[in-house]
Each structure stands twice: as C-alpha cells, then as structure tokens.
Protein chains: 2
Amino acid sequence: MEFSSKLLENAVYEMSQLPGIGKRTALRLVLHLLKQPEERTEHLTHALSKLKNEVNFCRSCHNISDTEICEICANPKRDETLVCVVEDIRDVMAIENTSQYNGLYHVLGGKISPMEGVGPQDLNIVSLINKVKEGKVKELIFALSSTMEGDTTNFYIYRQLEGMEVTTSTIARGISVGDELEYADEVTLGRSILNRVPFENSMKAN
Amino acid sequence: MEFSSKLLENAVYEMSQLPGIGKRTALRLVLHLLKQPEERTEHLTHALSKLKNEVNFCRSCHNISDTEICEICANPKRDETLVCVVEDIRDVMAIENTSQYNGLYHVLGGKISPMEGVGPQDLNIVSLINKVKEGKVKELIFALSSTMEGDTTNFYIYRQLEGMEVTTSTIARGISVGDELEYADEVTLGRSILNRVPFENSMKAN
C-alpha cells in the first residue's frame, strides 16, 4: 500500500497492530476518524491512555477494577468459600451475565502455553494457592477453555493444591441448550453422556 | 455488558464508536492493548492525534499530503490535462496501484447524498470547476462508484461544466478479468456488451 502521507501511513500502521485489524480496515478506521469532529479522536486517545495509565487490578482476584478491591470481592453477599478460576476478565463478564453464580473469581490472566512462552510464573497462580492456604476457600471451580493449554493449566494448579483441603471441580461440558444431538461433535456428546445429571437438576436450572 | 471498571467501560465505548467495531470486538482490542507494553498504546494514540491535528490536504487535488501540494500534483512527469475525479483517498491509492494512470486526481471527499445530508457544497466541487475554468484540463474521468449517489454526483458536475471546453468520460464497467459470464449480473453484462472495445485494445492492456 502506497501512502501519500507519512502521518497517515504511521496512523494506519499503528492501528493495524491491533488483533484482527488488517491494513485495509485500519485505513478505513483512520479515514473515518479524520472525517469526524476532532473530539472523536481526542476522546478515543484519551480513554485509551487513561485506561492504560490508571488501570488497577483487584488485589484479591486480579479482575480489572477502579478500586483496590473489586466490587465482586467486596460484596459481603457473595459466597467467599467458592472461587471460580478463569482466564481473563471477559470470562468474569460472561459468567456474571448468567446471574447463576454467587461465588468469587480468580483471574489467571492467561493459560500456560509453552508455544507462546507463557509459563506458570506469568500467571496469577501463586496468589491463588496462597488464597487456598489461608483456608477460607472450600471449592475451586476451573472454568478455563477446554484446550490443551487450558487442561495443562488446570492440571498444574491441581498438582499445586495437593494436600490442601479444597474441593476442585470444572464447569460441565455438554451439548448447548437448544442444539441438536446429530450435529454435536463426538467428544462433547461422549462427555455429556458420561457426566449426565439427575433429571431433577435439569429442571431446576430452567 | 456489565463492566467492573469505569475506565474500561469508557475505553470500550470510545473504541466501539469506530465503524464495524462492536462492543465485543472493542473489548477484545482494549484488553489486547492492556496486555501489551505501554509504548503500544502511546504510539497508537500519538499517531492518531498527530494525524488529526497536523493532517494537510493537497491544495490542488485535496488528497491527504504532508506537503502543501501532494507528490502526484507536484510531479512534472504526470499529465496535467487529465484529471480523474474520485470519492476519497482510498480510490487514489487503488488507481495508483494499477500503474496504468499518469494523470492527476481530484478528491471530492464524498458523494452527493440527500439521505445522509451531504450536498454539493460539502464536497470539493467548486475547486474542480475552477480548475477546469483555468483551461489546462482537457479530460475529466469520473471514477465514482456506480450507485445512485455516484451517478447523481457525476451528473451534477457534468451540468456545472456545460459550455466549458472539456471532455468527460467514466471508467469502464464490465465483467471483472477472470470472472465467468454466467455468474455476472445482467446490468454489468449488458453494459459490457454495449461498451465493447476493439479486440486490439484488450490485447494492449495485458
């Protein structure tokens, strides 16, 4: 792509460094900003800089928060004996959206992935183990994605917990509500039969 | 979407104001920036602000340029009797990429669109007419998109040029090179038959 302006080229380059944004899309976005009133660009750059400079992570669960302890951890109505281990803050938002969970979270910040150079020391695992050592937590729910990296991370944490008095569980894998059996992959279908639940439970959920 | 942080919510909101970026994508982009080193965000916001504050449009053709007169207009090797009228700078880039055009451009900055509140006065039309009045331009090539708005804009300019000594043409519409006739829409196929070209010409282009 040949640019008639270095300023433009530079802006497009920086925009195209975002994930999923190619050069063409970056150009479209940058030209859109150029057409908009100046405040648009100012608000965007200001919001991004402010977030990056002032962002704070909850001291307890590592969720993004404007306060030292996030609203979820600080809420006395939530069950602090239950901790759901998730990869990132989007998972917290997804689970919160269901309104089915009343425990706390622990945001690891990623998964163990030797391929991408992410080891256990890069994740918030030590603070999780320490939290369990303090003795308040009765159950850890692993809610990582069911990939090789997710399974490795689950297993790594599981081994670290050996000898401690804590129950561990993982979220149920199965056929999505509303999905047809014939289109399900066999691994998921197999697991959903192995881990079948009493019929009464399935009625409670609705 | 419930956010655990106002800072995050604000950044996601501003990002989602860009065209084609929904809330989910905005969140993904913002969280990506949060994980990256600080310079990433700094470079992005700096490049966008700098572009917005210092952008300059060529005094002659209204293309984005770092100099008062853009490189294309300032190039003595280009044919200044030929002016290609385009909607925006992306069209200039697309035509320049073909290496088939040696004339100058005139960037209108949009199309006449009553639906979106864009009238002739919002576009760089007066300066185009003045350019023609100066007498150097022998041919105007309309290269707007072939939509109702594009056709309206072409026709508006055409009427403004009445009585002036300038040839007008539009770029050829037809079946894309490599495309099969049976899948072409009938309007395009019809036009490509009406505006057929001597066989010798088609050989020159390859």
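Rules and cut-offs
- Residues numbered from 1 in each chain as written.
- Chains lettered and ligands numbered in written order.
- Predicted model: local features only at pLDDT ≥ 70, side-chain atom pairs only at ≥ 80, totals over all residues.
- Heavy atoms only, no water.
- UniProt positions renumbered as here; feature names shortened; annotations may be inferred.
- Core = buried A, V, L, I, M, F, W, Y, C linked by side-chain atoms within 4.5 Å.
- Buried < 20%, exposed > 50% of the residue type's maximum accessible area, 1.4 Å probe, protein only.
- Helix = DSSP H or I, 4+ residues; strand = E, 2+ residues; numbered from the N terminus.
- Contact = heavy atoms within 4.5 Å.
- Domains from an automatic or database assignment.
- Salt bridge = Lys/Arg side-chain N within 4 Å of Asp/Glu carboxyl O.
- Polar contact = N/O pair within 3.5 Å; in protein donor to acceptor, adjacent residues only side chain to side chain.
- Nonpolar A, V, L, I, M, F, W, Y, C, P; charged D, E, K, R; others polar.
- Axes fitted to C-alpha atoms, helices over the stretch in contact; angles between N-to-C directions.
- Parallel < 35°, antiparallel > 145°, perpendicular 65-115°, else oblique.
- Left-handed = near helix turned anticlockwise from the far one by under 90°.

Chain A is annotated in an unreviewed UniProt entry as Recombination protein RecR of Flagellimonas pelagia. Turning to chain A, the UniProt record has this under Function (unreviewed entry): "May play a role in DNA repair. It seems to be involved in an RecBC-independent recombinational process of DNA repair. It may act with RecF and RecO." In its Sequence similarities (unreviewed entry) section, UniProt records this for chain A: "Belongs to the RecR family."

Moving on, we come to the nonpolar core. Judged by nonpolar contacts, the single largest core of 44 residues is most densely connected at L8(A), M15(A), L8(B) and M15(B). At the level of secondary structure, the elements contributing two or more residues to this core comprise helix 1 (6–15), helix 2 (23–35), helix 3 (38–54) and helix 5 (89–98) of chain A together with helix 1 (6–15), helix 2 (23–35), helix 3 (38–54) and helix 5 (89–98) of chain B. For L8(B), the contacting residues outside a window of four places in its chain are L51(A), I64(A), I89(A), F3(B), L27(B), V30(B) and L31(B).

Our focus in this paragraph is the domain arrangement of chain A. Quite often, the size of an interface is put as the accessible area lost when its parts meet. According to the domain assignment, chain A contains domain 1 (6–54) and domain 2 (76–204). Centre-to-centre, using C-alpha coordinates, domain 1 of chain A lies 36 Å away from domain 2 of chain A.

Looking now at the environment of I112(B). Residue and element names in this part refer to chain B. Tracing the sequence through the fold places I112 in the loop between strand 2 (103–107) and helix 6 (126–133). By relative accessible area, I112 is classed as buried at 7%. A sequence separation of 38 residues divides I112 from G150, and the C-alpha atoms of the two residues are 7.3 Å apart. Not counting the four nearest positions on each side in its chain, I112 is found in contact with V118, P120, L123, I125, E149, T152, T153 and Y156.

This part takes up the UniProt feature "domain: Toprim" (unreviewed entry) in chain A. UniProt's entry tags residues 81–176 of chain A with the feature "domain: Toprim" (unreviewed entry), counted in the numbering of this structure. Helix and strand shares over residues 81–176 of chain A are 32% and 20% respectively, and the end C-alpha atoms of the span are 28 Å apart.

Facing the 50 residues of chain A at the interface are 50 residues of chain B. Connecting chain A to chain B are two salt bridges. With a closest N to O distance of 2.5 Å, R40(A) and E14(B) form a salt bridge. Where chain A packs against chain B, one counts 14 residue pairs in polar contact (both at pLDDT 80 or more). Of all elements in the fold, only helix 1, helix 2, helix 3 and helix 5 of chain A reach the threshold of two or more residues within the side of chain A that touches chain B. Here the side of chain A that touches chain B takes 14 residues from helix 3 of chain A, the largest share from any one element. Across the side of chain A that touches chain B, the residue classes break down as 24 nonpolar, 14 polar and 12 charged.

Following both chains from N to C, one finds helix 3 of chain A and helix 2 of chain B inclined at 45°, their axes separated by 10 Å at the closest point. In terms of orientation, helix 3 of chain A lies oblique with respect to helix 2 of chain B. The handedness of the crossing between helix 3 of chain A and helix 2 of chain B comes out as right-handed. Contact residues: L48(A), L51(A) and K52(A) in helix 3 of chain A; V30(B), L33(B), L34(B) and K35(B) in helix 2 of chain B. Counted by class, the contact of helix 3 of chain A with helix 2 of chain B contains five nonpolar, no polar and two charged residues.

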